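Residue-level structural notes
If you want the building blocks of each chain, they are given just below.
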Amino acid sequence: DYPDALAVGPVAGSANGPVMLVQKDVIPPSIADAVDDLDITIGYIIGGTSVVSETANTALRALITGNGAIGTITERWSGANRYETAVDVAEHGLLYRWIDLDTVGFATGLNFPDALGAGAALGSYGSPLLLTDTNALSPATATFLDDHEYEIGRVNSFGGTSVISATVYDAINAKIK
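Here is a short report on the structure shown in this document. Residue positions are given per chain, counting from 1 as you read along its sequence in written order. The model is predicted, so local features are restricted to residues of pLDDT at least 70 and side-chain atom pairs to those at 80 or more, both for listing and for counting; the totals for chains, interfaces and linings are taken over all residues. Side-chain calculation: all heavy atoms of the structure are included, whereas hydrogens and water are not.

Some words on the pairing of strand β3 (residues 103–108)
- Partly exposed describes any residue whose relative accessible area lies between the buried limit of under 20% and the exposed limit of over 50%, with all areas from a 1.4 Å probe on protein chains only and scaled to the type maximum. For the purposes of this entry, the term helix denotes a DSSP run of H or I that reaches at least four residues, the term strand denotes a run of E that reaches at least two, and both are numbered from the N terminus. Most of β3 is tucked away: 6 of the 6 residues are buried.
- Here β3 shows no split at all, with Thr103, Gly105 and Ala107 on one side and Val104, Phe106 and Thr108 on the other all buried.
- Both β3 and strand β5 (residues 154–157) contribute to a ladder of 4 bridges, which runs parallel. What sits directly across from Phe106, in β5, is Ser157.
- Two strands pair when backbone bridges link them, and β3 and strand β4 (residues 129–132) are joined in this way by 4 bridges, in the parallel orientation. Bridge pairing in β4 places Phe106 opposite Leu130.
- By the criterion used throughout, a crossover qualifies as right-handed when its path from the first strand across the helix to the second strand runs clockwise, the strands pointing away from the viewer. Traced from β3 through helix α5 (residues 113–125) to β4, the parallel crossover comes out right-handed. Following DSSP output, two strands are said to pair if at least two bridges run between them.

Take a look at the structure:
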């Protein structure tokens with residue numbers, strides 16, 4: 001689903017890795033060809049099984065194994081909803097040191113245009129994109145901010161107050177130390 005792809009965009013950009021879109025249960029032939037042509041030996045599934053099924057994961061694992069992969073072949077990054085998935089993506093990006101928290105970007109999780117533009121900018125910064133609701137800071141995003149309050153250098157909000165309200169923007173800034 002688009003929020004998961006948008007959340008991983010900056011991390012993938014920072015890691016110099018492609019984002020490949022699949023169907024829920026099928027790896028399209030063009031993606032299978034790309035996995036083979038690029039000699040990919042590890043894949044990251046973004047989103048739960050309702051977005052990318054275990055059937056698709058099994059097919060992806062078979063493709064990657066064909067490229068000589070050993071050990072962990074695919075790893076799933078997900079949460080119960082789009083906000084939790086974006087946080088899980090950010091946490092993994094930090095764990096693998098593909099991103100840092102000098103800048104953290106925020107966009108609505110309810111529409112894609114602002115987050116699409118944000119992904120390109122944040123990828124060039126090596127920074128994560130977190131998603132939130134328009135009028136209330138999502139609980140997963142609030143928890144991420146609490147957990148990293150002293151690590152975050154600055155925040156960028158993408159979209160006007162009709163997509164991230166002043167109340168949400170203020171709530172984000174109140175959590176940064």
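Further notes follow.
Description of the layout of surface pockets
- Buriedness of a pocket was judged along seven lines, with at least five required to meet protein on both sides within 12 Å; pockets are open sets of points on a 1 Å grid over the protein atoms alone, cavities are sets where a 1.4 Å probe fits but cannot get out, and lining residues have an atom within 4 Å of a point. Grid points are joined across faces, edges and corners, and a volume is the space filled by probe spheres set on the points. Estimated volume of the largest pocket: approximately 780 Å³.
- Taken together, 32 residues form the lining of the largest pocket, with Pro18, Val19, Met20, Tyr44 and Ile46 sitting closest to its centre.
- Elements with a minimum of two residues in the lining of the largest pocket: α1 (2–14), α2 (29–37), β1 (43–46) and α3 (54–65).
- Among the elements that line the lining of the largest pocket, the one with the most residues is α1, at 6 residues.
- Gly is placed with the polar residues, together with every amino acid not listed as nonpolar (Ala, Val, Leu, Ile, Met, Phe, Trp, Tyr, Cys and Pro) or charged (Asp, Glu, Lys and Arg). Of the residues in the lining of the largest pocket, the class split is 26 nonpolar, 3 polar and 3 charged.
- For the second largest pocket, the full set of lining residues is Tyr2, Ala5, Leu6, Gly9, Val19, Leu21, Phe112, Leu116, Gly119 and Ala120.
- A class-by-class count of the residues in the lining of the second largest pocket yields 8 nonpolar, 2 polar and no charged.

Section: the side chain of Glu149
- Structurally, the position occupied by Glu149 is in the loop between α6 (139–147) and β5.
- Contacts were defined at the residue level, with two residues in contact if any of their heavy atoms lie within 4.5 Å. Beyond its immediate stretch of four places on either side in the chain, Glu149 contacts Lys175, Ile176 and Lys177.

Points about the sheet that holds β3
- Spatial ordering of the open sheet is given by β4-β3-β5, a layout of 3 strands whose pairing is parallel. Every interior strand has two partners, whereas the edge strands, β4 and β5, have only one. Within this sheet the neighbouring strands show an average axis-to-axis angle of 30°, counted without direction. Helix axes are fitted only over the stretch in contact, all axes being lines through C-alpha atoms; the angle between N-to-C directions runs from 0 to 180 degrees.

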